[in-house]
Amino acid sequence: MFNLEALDLARMQFAFTVSFHIIFPAITIGLASFLAVLEGLWLKTHNDTYRDLYHFWSKIFAVNFGMGVVSGLVMAYEFGTNWSRFSDFAGSITGPLLTYEVLTAFFLEAGFLGVMLFGWNRVGRGLHFFSTVMVAIGTLISTFWILASNSWMQTPQGFEIVDGRVMPLDWLAIVFNPSFPYRLAHMAIAAFVATAFFVGSSAAWHLLRGNDTKQVRKMLSMALWMALIVCPIQAVVGDAHGLNTLEHQPAKIAAIEGHWENNGSEATPLVLFGIPDMQAEKTKYAIEIPYLGSLILTHSLDKQIPALKSFPKEDRPNATIIFWSFRVMAGLGMLMVLAGVLGLALRRSGAIYRNRWFLRLMLWMGPSGLIAMLAGWITTEVGRQPWVVYGLQRTANAASNHSVTQLSISLALFVVIYFSVFTVGIGYMMKLVAKGPKSHHEHGPEGHNEQVITPRRPLSADTLETDARVI
Amino acid sequence: MGIQGIDLSLIWGVIIAFGVMMYVIMDGFDLGLGILFPLIPDAKERDVMMNTVAPVWDGNETWLVLGGAALYGAFPLAYSVILEALYLPLILMLCGLIFRGVAFEFRFKASPEKRHIWDMAFIGGSLLATFSQGVVIGTYIVGIPVVERQFAGGSWDWLAPFPLFCGVGLIVAYALLGSTWLLVKTEGMLESRMRLFTRPLAWLLLAVIGVICVWTPILHPEIATRWFGHAHLVVFGALALLALLAMFGLLKTLRQRHTHWPFAFTLMLVFLGYIGLAFSIWPNILPPSISLWEAASPATSQLFILIGALFILPIILMYTVWSYYVFRGKVRIGDGYH
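Residues numbered from 1 in each chain as written. Chains lettered and ligands numbered in written order. Predicted model: local features only at pLDDT ≥ 70, side-chain atom pairs only at ≥ 80, totals over all residues.

On to the overall build of chain A, then. Along the backbone of chain A there are 14 helices and six strands. For 471 residues, the compact-globule formula gives about 23 Å, and the C-alpha radius of gyration of chain A, at 24 Å, lands near that figure. Each principal axis of the C-alpha atoms in chain A carries an extent, and together these give about 70 × 50 × 40 Å. Classification of the 471 residues of chain A by burial places 54% in the buried group. Nonlocal contacts in chain A, meaning residues at least 24 apart in sequence, comprise 75% of its contacts between residues at least 6 apart. (Helix = DSSP H or I, 4+ residues; strand = E, 2+ residues; numbered from the N terminus. Rg over C-alpha atoms; globule rule 2.2 N^0.38 Å. Buried ≥ 20, exposed ≤ 12 C-beta atoms within 10 Å, placed from the backbone. Contact = placed C-beta atoms within 7 Å.)

In this section: the overall build of chain B. Counting its secondary structure elements, chain B contains 13 helices and six strands. Here the C-alpha atoms of chain B give a radius of gyration of 20 Å, agreeing with the 20 Å that 2.2 N^0.38 yields for 338 residues. Referenced to the eigenvectors of the C-alpha coordinate spread, the extents of chain B come out at roughly 55 × 40 × 40 Å. Looking at chain B residue by residue over its 338 residues, the buried ones come to 52%.

Residue-level contacts link 55 residues of chain A with 53 residues of chain B. At the level of secondary structure, the elements contributing two or more residues to the side of chain A that touches chain B comprise α2 (48-82), α3 (84-110), β2 (165-168) and α14 (404-435) of chain A. Among the elements that take part in the side of chain A that touches chain B, α3(A) stands out by supplying 16 residues, more than any other. Among the residues forming the side of chain A that touches chain B, the class breakdown is 31 nonpolar, 19 polar and five charged. (Nonpolar A, V, L, I, M, F, W, Y, C, P; charged D, E, K, R; others polar.)

What follows deals with helix α11 (residues 261-281) of chain B. Its 21 residues give α11(B) an end-to-end C-alpha distance of 30 Å, which sits within 8% of 30 Å, the value for a rise of 1.5 Å per residue. Here α11(B) has its buried residues at P262(B), F263(B), F265(B), T266(B), L269(B), V270(B), L272(B), G273(B), G276(B) and S280(B). (Expected span 1.5 Å × (residues − 1).)

Residues and elements named next belong to chain A. Relative to β2, strand β1 (residues 159-162) is paired through four bridges, and the arrangement is antiparallel. In the strand pairing of β2, F159 is matched with P168. Linkage of β1 to β2, two consecutive antiparallel strands, is achieved through a turn of two residues, within which D163 is found at a positive phi near 55 degrees. (Pairing = 2+ DSSP bridges.)

All names here are of chain B. For chain B, per-residue confidence averages 86 on the pLDDT scale, and 97% of positions sit at 70 or higher. Strand β1 (residues 2-3) is the least confidently modelled element of chain B, averaging 50 in pLDDT, while helix α7 (residues 161-185) averages 94, the highest of any element. Under the prediction, the complex receives an ipTM of 0.84, its pTM being 0.86. (pLDDT = per-residue confidence, 0-100.)

Next up on the list: the confidence of the model for chain A. Mean pLDDT over chain A stands at 86; residues scoring 70 or higher make up 92%. Below pLDDT 50 for its whole length, residues 443-454 of chain A participates in 23 contacts with residues either more than four positions away or in separate chains.

Another aspect to go through is unusual backbone geometry. Across the junction of Q385(A) and P386(A), the peptide omega takes the value 5 degrees, indicating a cis bond. Take P386(A): it is sitting in the loop between α13 (368-384) and β5 (387-389). W282(B) connects to P283(B) through a cis peptide bond whose omega is -5 degrees. As for its placement among the helices and strands, P283(B) is situated in the loop between α11 and β5 (284-286). Positive phi, normally seen in glycine, also occurs at H299(A), with a value near 55 degrees. Its location among the elements puts H299(A) in the loop between α10 (292-298) and α11 (319-347). Taking the C-beta count within 10 Å as the criterion, H299(A) has 10 such neighbours and is therefore assigned exposed.

Our focus in this paragraph is the packing of α7(B) against helix α8 (residues 188-219) of chain B. Residue and element names in this part refer to chain B. One can describe the packing of α7 onto α8 by two numbers: an axis separation of 8 Å at closest approach and a directional angle of 150 degrees. Considering the angle they form, α7 stands roughly antiparallel to α8. Relative to α8, α7 is oriented so that their crossing is left-handed. When the residues that make up the contact of α7 with α8 are grouped by side-chain class, the tally is 20 nonpolar, four polar and two charged. (Axes fitted to C-alpha atoms, helices over the stretch in contact; angles between N-to-C directions. Parallel < 35°, antiparallel > 145°, perpendicular 65-115°, else oblique. Left-handed = near helix turned anticlockwise from the far one by under 90°.)

The next point concerns the environment of D52(A). Residues and elements named next belong to chain A. On the secondary structure map, D52 appears in helix α2. The class of D52 is buried, set by 26 C-beta atoms lying within 10 Å. The spacing of D52 and G95 is 43 residues in sequence and 42 Å in space, taken between C-alpha atoms.

Here the focus is the packing of helix α1 (residues 8-36) of chain B against α11(B). Residue and element names in this part refer to chain B. The geometry of α1 relative to α11 is characterised by a closest axis approach of 11 Å and an angle of 145 degrees between their N-to-C directions. As α1 runs across α11, the sense of the crossing is right-handed. Counted together, A17, M21, V24, I25 and G28 of α1 and L267, V270, Y274 and A278 of α11 form the full contact between these two elements. Partitioning the contact of α1 with α11 into residue classes produces eight nonpolar, one polar and no charged.

Residue and element names in this part refer to chain B. Take I82: it is sitting in helix α4 (residues 76-85). Judged by C-beta crowding, with 25 C-beta atoms within 10 Å, I82 ranks as buried. In sequence terms I82 and P145 are 63 residues apart; their C-alpha atoms lie 9.9 Å from each other. For I82, the contacting residues outside a window of four places in its chain are Y140, I144 and L286.

Attention now goes to the environment of N244(A). Residue and element names in this part refer to chain A. Locating N244 in the fold gives a position in helix α8 (residues 214-248). With 66 residues separating them along the chain, N244 and P178 place their C-alpha atoms 7.8 Å apart. Apart from residues lying up to four places away in sequence, N244 is in contact with P178, S179 and Y182.

This is how it looks when you write it as structure tokens:
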């Protein structure tokens, strides 16, 4: 009744809209915490550089938040429009988790965000700081619910199947399912890392153009400290996440490693490079390092990891894709660790602010955190296939019964609209970045005085009177 | 069905119905402005129109997200079937809302030469979103066939005369909400212009409601029995009477050049129409045959989200009231916001 082609289109559409969407919340999560830190430091040290940076980044935060809201509206409906069998089958669990996410986001937008963006001159410093902190915590609570839902789909527990549908038994077990702590930590830190490199790259851009101010230096310095500390933590968390996946979704790990079969009791090598071929059931052009696979994944020199051929053909995720998406993520991760360390080495002499090679590196690494995050999501989501709820419902049985015509129309619409609308939005964000942080003498003693002409909405936090030709 | 005698499905049915009503009323006048935009060519007056809702429109739109997510959590069967059945109209609605939403922001930031692009996005987005919502409501009233918990109709079922008529009807309703909203919020030329538009729009809406009241029972014998059965005849008679009174009040206060009453009577008209619709399909959440209780998620799920909703919804409502209070009063040319 419904062929593979329609399923492929439905999957492409979801992948496209969710990939676009996740970029904005990731930056929102990172910037919200960054802003809380900046405001806290300003209140503590009375160093106005922090306050100038707060005003600069809060405008970019606001535009980014607005784009997240617009692209998120689509997501709340797509589960039903495109994946109605899934919604009916698992809706009694994934539905409430999404409801909580929306309630949290709604709550945030209804209250603290307004105070944070528009209340600088209207409420006391303490209350304003409290609002910023609440927004930061709120973004993390939103992350909590979405990751709980996704993790439950990866490692479901706390339910029973009644009449062919999922019935929740124990909400604590559902939320705190086995992969949830790892996934939540990995994603939250990914958001911090992505934001650190976005901030660092913005600073590098200004320094390369000779806009060498104390605010720009401060933001580069903070971004590099963040990278230095958080990137290695992310590597450790990622490793633990991998071990957790090995335990609960061994087929995913086998596919990531392009590992087809175990020879006798030989330790599992690590395939550094190769092209896994799903038809031929082998990894072509493989360059292997003996023992390393066992060492990384079992932390031993003799244990084997399960091989792809030990899973029925119809239960194998696409290794060609996730072998590479995983390597993109891990490779960028290592590069980011390196950038942090390099920053530390160059810091003593102040070369981080002057060395043009280093600044160019930081500039180009601006999107690295976001790309790594997308690659990571591709790995874990494609690696969950052929299941939508792991071991319980296959993706092929989850989709709505739409025709190829309908899906082609909607996919084309989304592609056209997302590229046109979000290109303008992202371009606008970049213009804001390019304006650079101003010291508060330049924007008047009141600092944030755009209340005069601005509606109290996130996208309008910057007035841009001086910038009428932005779009 | 319930825990300790509490009918959770009923509570959730009321919460979702309330949320959708909040959406229809509040985003109704936002979208109405987009519909009226082509009639007001002056750029300054257009600025004023947009500024009357600029501080509140995205809060208004969030009720739609809440409605969708709450339906998913509390009635996953209804969520999956309705959204599948109305695939293209809903996608078109989302596309319309994206354009409308970004137009709000980018219009003020665009250079004067490019502003007309965002005006077009605002008009087109508002019309598309409104029309699609009307089609959704119309298809919903006609009924969505379900077999074994799955949508059993065709992909293009919504492309029928009645839903399309409802699409046009909703454009009229939102335009009236928009024009009476502007009576409250504007002055001078713009206000007089709106006074001029409101009268024909009101008559048009009355005609639309009349057509729907005749057409629905013809399409839907069950609704006919319900409407004209003696238990409900009183209710529907009262609703019809109240609607006529509201219409009378609207026209009268319009003539007397009141600023606030026409909007209040329009709200009453829309509210009565909404209540009439709710009574017609009650207690089904998926007309023609699936009730709230049959579509409900397990009691544990409904209870789980009810805890959060009871905590958060009152805060959202208080905040909504507060922000309308803060931005009360007329908006003038050259005013920005506040």
